[in-house]
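Residues per chain, in single letters:
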Amino acid sequence: MITHTRVHLQTLVLLFFAVHLSQPVCVEVPSATEAVLGKPMMLTCIACLRREEIKPKTTVQWFFMPNTDDIAEDKTPIYKYVDESPIELDGPFKGRLTWRGSQDLQDVSIEIKNVTFNDSGVYECIVLREFEFDFFTPSVSVSKDIKLRVKEKASTDTTALYSEIMMYVLLVFLTFWLLVEMVYCYRKISKSDEQTQDTAY
């Protein structure tokens, strides 16, 4: 009985760690659009792969347009990722851009250091993926625009605050629910073992 109980307990512990150590799922969240003068600003660009087991050749290009009314006008390349290497291009952002993308290149975000009022405008992120198969090489292009506004002081975003609080509450609730389920399963298995032992005698 002790051996069976110990095996079941070890299985439950492994299940608990498997839930917490499982790989995260890619979610395409929008980028923040409000920057604070003199502070760093993350330009989030996420393009999830539909099948993560396929590893395509990925090229990323970032553009900046100071005029938000006409996005096609004054389109300036500011950053690119080619051949597994991030490259900062010459221009007004030289020395102020940092690559913040993920290793699998589903997240291809960049960060602007020391934001100025001149950084207000539209940022375009273009992700080109080329898939290599035996008979053909298809490609998929994804484009996302970020309209950035630079303010002197940060404004209070109550929606983001409430969302963060609810996220932590949900995380605590799910963790507690998982522990309750583990205890319930452990007691049920122990009771089943005791009934089996009683029947055998």
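Higher on the page you've got the structure.
Residues numbered from 1 in each chain as written. Predicted model: local features only at pLDDT ≥ 70, side-chain atom pairs only at ≥ 80, totals over all residues. Heavy atoms only, no water.

Can you walk me through the sheet that holds strand S6 (residues 97-99) in this structure?
The antiparallel open sheet is built from 3 strands, whose spatial order is S2-S7-S6. Two strands in the sheet have a free side with no partner beyond their single neighbour: strand S2 (41-43) and S6. Across this sheet, the average inter-strand angle for adjacent strands is 25°, counted without regard to direction. Looking at chain direction, S6 and strand S7 (residues 110-112) are connected through 3 bridges and run antiparallel. If you follow Trp99 over to S7, its bridge partner there is Ile110. (Pairing = 2+ DSSP bridges. Helix = DSSP H or I, 4+ residues; strand = E, 2+ residues; numbered from the N terminus. Axes fitted to C-alpha atoms, helices over the stretch in contact; angles between N-to-C directions.)

What exactly am I supposed to notice about the sheet that holds strand S4 (residues 76-82) here?
Think of a sheet as strands paired side by side through backbone hydrogen bonds, with each pair either parallel or antiparallel. With respect to topology, 6 strands assemble into an open sheet ordered S1-S9-S8-S3-S4-S5, the strand pairing being mixed. The open sheet is flanked by strand S1 (34-36) and strand S5 (85-88), the only strands paired with a single partner. For this sheet the average axis-to-axis angle between neighbouring strands, irrespective of direction, equals 25°. Across 4 bridges, the pairing between S4 and S5 is antiparallel. Of the residues in S5, the one forming a bridge with Lys80 is Ile87.

Quick question: what am I supposed to make of the side chain of Thr98 here?
Looking at the secondary structure, you find Thr98 in strand S6. Within polar-contact distance, the side chain of Thr98 engages the side chain of Lys113 at 3.5 Å. Beyond its immediate stretch of four places on either side in the chain, Thr98 contacts Tyr79, Ile110, Glu111 and Lys113. (Polar contact = N/O pair within 3.5 Å; in protein donor to acceptor, adjacent residues only side chain to side chain. Contact = heavy atoms within 4.5 Å.)

Would you take a moment to explain the state of the cysteines for this structure?
In protein chemistry, a disulfide is the covalent bond that joins the sulfur atoms of two cysteines. Applying the stated criterion to the full structure yields 2 disulfides. The partner cysteine of Cys45 in its disulfide is Cys125, sulfur to sulfur 2.2 Å. One quick way to see it: the torsion about the S-S bond of Cys45 and Cys125 is about -80°, and its sign makes the bridge left-handed. With Cys45 in the loop between S2 and strand S3 (57-65) and Cys125 in strand S8 (residues 121-130), the pair connects residues that are 80 residues apart, well separated along the chain. The same class applies to Cys45 as to Cys125, namely buried. When the bonded cysteines of the chain are counted from the start of the sequence, the pairing works out to 1-3, 2-4. (Disulfide = S-S within 2.5 Å. Buried < 20%, exposed > 50% of the residue type's maximum accessible area, 1.4 Å probe, protein only.)

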